[in-house]
Amino acid sequence: MISNGPPRPSRVGGLLLYEIKKGKRMRRVVVTGLGLVTPLGSSVETTWKNILAGKSGAGTITRFDATDYACRIACEVKPADHEYGFDPNLRVDHKVQRQVDPFIIYGIDAAGQAIEDAGLLDMSEETRFRAGVSIGSGIGGLPGIASESIVLHEKGPKRVSPHFVHGRLINLVSGQVSIKYGLMGPNHAVVTACSTGAHSIGDAARMIAMDDADIMLAGGAEATICPLGIAGFAQARALSTNFNDSPERASRPYDKDRDGFVMGEGAGVVVLEEYEHAKARGAKIYAEVIGYGLSGDAYHVTAPHPEGSGAFRSMQMAMKKSGLALEDIDYINAHGTSTPMGDELELGAVRRLFGNNLDTMSMSSTKSAIGHLLGGAGAVESIFCILALRDQIVPPTLNLDNPSDSCIGVDLVPYKAKERKVKAVLNNSFGFGGTNASLVMRAI
Amino acid sequence: MSETADRVKKIVVEHLGVEAEKVTEEASFIDDLGADSLDIVELVMAFEEEFGVEIPDDAAEKIATVKDAISFIDANKG
């Protein structure tokens, strides 16, 4: 029998995420599993340990010879034989590995970690009808598009791989994960550049709140450290080019000498679950997703709005939905990409929204350690927020040698992780096209 | 085992991610080795590259087992 899902709970306690209509409260959404593939580790705990230790994942590009490129550095996911490298064979079939771009491999692995962590490897068919996937990517299979176009050019159309299209499509992380784990609920993929990961989690949380699913794997994946990716972002003047000889110093959000972002790669995936569903099966609950805000700058394709208007409204909407007071937020994981304009505009928007409450908050950019994972960033950084809630410690901003004047008085957690009370967190992600997303989560 | 057979089997193992022992001459790509129709398109391309032969679509459709592939290649390679 095909399940139509459990009846709507008639009575749920505590603070609630959304209201469909006045008096009708919606289902609560909690996080019950985490998965990470990052330049600092191929598991949640390894990455987190390295982030808290203040390590940097940056280095000279090894994937291709970048000698002639303006930017020659990136935060690469390390090979399997590295101390904290990534072994694709753990969770991705050999055949799939041959057919798909690396962002899909990272995404499948991170999703697998999250399902294992949530204790959901053995879901019944009925449960799987109500379990879906929302894992997006900002760019998708750029390395494979580039290499296959060379095959077409040099060898002709009969030599293009039959797996070319579905091995590069952005929604094929969700597609592959759905097939591998038999998830038959929503099969969705967000594409909103660098806010993809945050939008993916927010959209998936809404699907659960709106009763479209009980379980959602949500997150983002990216892998574009390839000649076309580095050249393209460098030509858009988005990448750091002043630190090619000292890669670990290049990603320096809020520092006066910052000159662009350092490209990262990897994936972050969370298991979102309806609260009563998680409670009924005795799941470990990391956090509750209580607020989600989205906005558009309506200003410029790459430059943020000069008054940070979109960022402000995105955070404001997430806070309003959360039902929290501004003073309740303890930690913000900033978008903070280390670009000259973006960092200060975001900080200005935070200052306008939070006012004096900023004095007691901490705000850091973990992009200083793992670079900018583009479509993966919002998901990976949401996981850092969740771990901050779990461990009552906030991760540092590296390389903050000379903070910009506008940063004075703000606790940007320079160099070292800091133990502190963390009851509620905000994560920001902003993307090309003027797209903004903010998530508010709290301990439960 | 012929030289062609060795090279064919190596390609099949690499593309389908199956153990070498399973790639017998009687093995069917779809029924025994887990290939789908797109995998066969890819295998045919790999055989064409490896052996410098052209395998037209109507011939490719008739290649169901490892032996079919070896026989076609031996009969058509230069």
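Cut-offs and rules
Residues numbered from 1 in each chain as written. Chains lettered and ligands numbered in written order. Predicted model: local features only at pLDDT ≥ 70, side-chain atom pairs only at ≥ 80, totals over all residues. Heavy atoms only, no water. Helix = DSSP H or I, 4+ residues; strand = E, 2+ residues; numbered from the N terminus. Rg over C-alpha atoms; globule rule 2.2 N^0.38 Å. Buried < 20%, exposed > 50% of the residue type's maximum accessible area, 1.4 Å probe, protein only. Contact = heavy atoms within 4.5 Å. Areas by Shrake-Rupley, 256 points an atom, 1.4 Å probe, with all protein chains shown as cover. Salt bridge = Lys/Arg side-chain N within 4 Å of Asp/Glu carboxyl O. Pairing = 2+ DSSP bridges. Axes fitted to C-alpha atoms, helices over the stretch in contact; angles between N-to-C directions. Core = buried A, V, L, I, M, F, W, Y, C linked by side-chain atoms within 4.5 Å. Phe/Tyr/Trp six-rings, centres within 6.5 Å; stacked < 30°, edge-to-face > 60°. pLDDT = per-residue confidence, 0-100. Parallel < 35°, antiparallel > 145°, perpendicular 65-115°, else oblique. Buried area = accessible area lost by both parts, 1.4 Å probe. Nonpolar A, V, L, I, M, F, W, Y, C, P; charged D, E, K, R; others polar.

Visitor: For this particular structure, what's the right way to read the overall build of chain B?
Guide: Helix and strand counts for chain B come out as four helices and zero strands. Reading chain B from its N terminus to its C terminus gives the helix and strand order α-α-α-α. Relative to the 2.2 N^0.38 estimate, which gives 12 Å for 78 residues, the radius of gyration of chain B is 11 Å and therefore close to what a compact globule would have. Seen along its three principal axes, the alpha-carbon backbone of chain B occupies a region of about 30 × 25 × 20 Å. When the 78 residues of chain B are sorted by exposure, 46% land in the buried category. When contacts within chain B are restricted to residue pairs at least 6 apart in sequence, long-range pairs at least 24 apart make up 54% of them. Entry remark: accessible area of chain B is about 4300 Å², with carbon and sulfur atoms responsible for 49%.

Visitor: Whenever I open this one, the pattern of salt bridges confuses me. Can you help?
Guide: A side chain of one charge can pair with a side chain of the opposite charge when the charged atoms of the two come close. Residue and element names in this part refer to chain A. Overall, the coordinates contain 35 salt bridges over all chains when judged by the stated rule. Between Arg 258 and Glu 344 there is a salt bridge, with the nearest N and O atoms lying 3.1 Å from each other. Of this pair, Arg 258 sits in the loop between helix H8 (227–235) and strand E9 (266–274) while Glu 344 sits in helix H11 (residues 340–354), placing them 86 residues apart in sequence. Overall, the relative accessible area of 7% leaves Arg 258 in the buried class. Of the charged contacts, one joins Asp 330 and Lys 421 as a salt bridge, the two residues approaching to 2.8 Å between their closest N and O atoms. In this pair, Asp 330 is assigned in the loop between helix H10 (309–322) and strand E11 (331–333) and Lys 421 in the loop between strand E14 (418–419) and strand E15 (424–431), connecting sequence segments 91 residues apart. The exposure class of Lys 421 is partly exposed, given its relative accessible area of 46%. Salt bridges sharing partners connect three or more residues here, namely Arg 27, Arg 130, Asp 211 and Asp 214.

Visitor: Got a minute to help me understand unusual backbone geometry in this structure?
Guide: Excluding glycine, residues mostly have negative phi values, and the peptide bonds linking residues are mostly trans. Residue and element names in this part refer to chain A. Non-glycine residue Asp 211 carries a positive phi angle of around 75 degrees. One can find Asp 211 in the loop between helix H7 (196–209) and strand E8 (215–222). Of note, the phi angle at Tyr 254 is positive, near 70 degrees, even though the residue is not glycine. Under the relative-accessibility criterion, Tyr 254 is labelled buried at 0%.

Visitor: Honestly, the sheet that holds strand E6 (residues 131–136) of chain A in this entry has me stumped. Any pointers?
Guide: Residue and element names in this part refer to chain A. If you trace the ten strands from one edge of the open sheet to the other, you get E7-E6-E8-E9-E3-E10-E16-E15-E11-E12, paired in mixed fashion. Taken across any chain shown, the strands that pair with only one partner, and hence form the sheet edges, are strand E7 (187–188) and strand E12 (362–364). Looking at chain direction, strand E3 (residues 29–37) and strand E10 (residues 287–296) are connected through three bridges and run antiparallel. If you follow Val 30 over to E10, its bridge partner there is Glu 288. Those strands touched by H7 are E3, E6, E7, E8, E9, E10, E15 and strand E16 (435–442), and its axis lies near 170 degrees from that of E8.

Visitor: How do you make sense of helix H6 (residues 172–181) of chain A when you look at a structure like this?
Guide: Residues that lie three or four places apart on an α-helix share one face, since the helix turns once every 3.6 residues. Residue and element names in this part refer to chain A. Of all ten residues in H6, eight are buried; the element is thus mostly enclosed. For H6, the complete set of buried residues consists of Leu 172, Val 173, Ser 174, Gly 175, Gln 176, Val 177, Ser 178 and Tyr 181. Where H6 is buried, its residues meet helix H2 (94–99), helix H3 (102–118), helix H4 (125–129), E6, E7 and E8. Positive phi shows up at Gly 182, right after H6, with a value of about 70 degrees.

Visitor: What exactly am I supposed to notice about the pairing of E16(A) here?
Guide: Looking along a regular strand, one sees the side chains alternate between the two faces of the sheet. All names here are of chain A. Along E16, eight of the eight residues are buried, which leaves the element largely enclosed by surrounding structure. Because side chains alternate across E16, one face comprises the buried residues Thr 435, Ala 437, Leu 439 and Met 441, and the other comprises Asn 436, Ser 438, Val 440 and Arg 442, equally buried. Sheet topology places E10 next to E16; eight bridges connect them, and they run antiparallel. When the bridges of E16 are listed, Ser 295 appears paired with Asn 436. Between E15 and E16, which pair antiparallel one after the other, the connecting turn spans three residues, and Gly 433 there sits at a positive phi close to 90 degrees.

Visitor: Help me understand the nonpolar core in this model?
Guide: What tends to happen in soluble globular proteins is that the nonpolar side chains get buried as a cluster. All names here are of chain A. Residues Val 31, Leu 34, Val 270, Leu 272, Phe 384 and Ile 386 are the most contacted members of the largest nonpolar core, which totals 49 residues. Take this core: its biggest share by element is ten residues, from helix H13 (residues 377–391). Counting residues in hydrophobic clusters, the runner-up holds 33 residues, among them Val 96, Val 100, Ile 105 and Val 173.

Visitor: Just checking my understanding: could you explain the packing of aromatic side chains for this structure?
Guide: The relative placement of two aromatic rings is captured by the distance of their centres and the angle of their planes. Residues and elements named next belong to chain A. Counting across every chain of the model gives five aromatic pairs over all chains. Judged by centre distance (5.2 Å) and plane angle (65 degrees), the ring pair of Phe 64 and Tyr 69 falls under edge-to-face. Taking the relative accessible area as the measure of exposure, Tyr 69 reaches 22% and is therefore partly exposed. Of the aromatic side chains, those joined through ring pairs into one cluster are Phe 233, Phe 261 and Phe 432.

Visitor: Looking at this structure, I do not really get the confidence of the model for chain A. What am I missing?
Guide: Should pLDDT be low for a region, the predicted coordinates there are not to be read in detail. For chain A, per-residue confidence averages 94 on the pLDDT scale, and residues scoring 70 or more make up 94% of the total. Between residues 1–23 of chain A, whose pLDDT stays under 50, and residues either more than four places distant or in other chains, the model counts 47 contacts.

Visitor: Even after reading the chapter, I still don't get the packing of H7(A) against H13(A), so can you show me in this structure?
Guide: For any two helices packed against each other, one specifies the crossing angle of their axes together with the interaxial distance. Residues and elements named next belong to chain A. Running from amino to carboxyl end, H7 crosses H13 at an angle of 70 degrees, the nearest separation of the two axes being 5 Å. Here H7 is positioned roughly perpendicular relative to H13, judged by the angle of their axes. Along the contact surface, H7 presents Gly 197, Ala 198 and Ile 201, while H13 presents Gly 378, Ala 379 and Ser 382.

Visitor: Explain the interface of chain B and chain A to me, please; I cannot follow it from the model alone.
Guide: It is common to give the size of an interface as the accessible area lost on bringing the parts into contact. Contacts between chain B and chain A engage 16 residues on the former and twelve residues on the latter. Considering only the side of chain B, the residues that lose the most area to chain A are Glu42(B), Met45(B) and Glu49(B), jointly responsible for 38% of the buried surface there. Put simply, chain B and chain A have seven salt bridges between them. Here Glu48(B) makes a salt bridge to Arg159(A), at a shortest N to O gap of 3.0 Å. For the side of chain B that touches chain A, the residue count by class is six nonpolar, three polar and seven charged.

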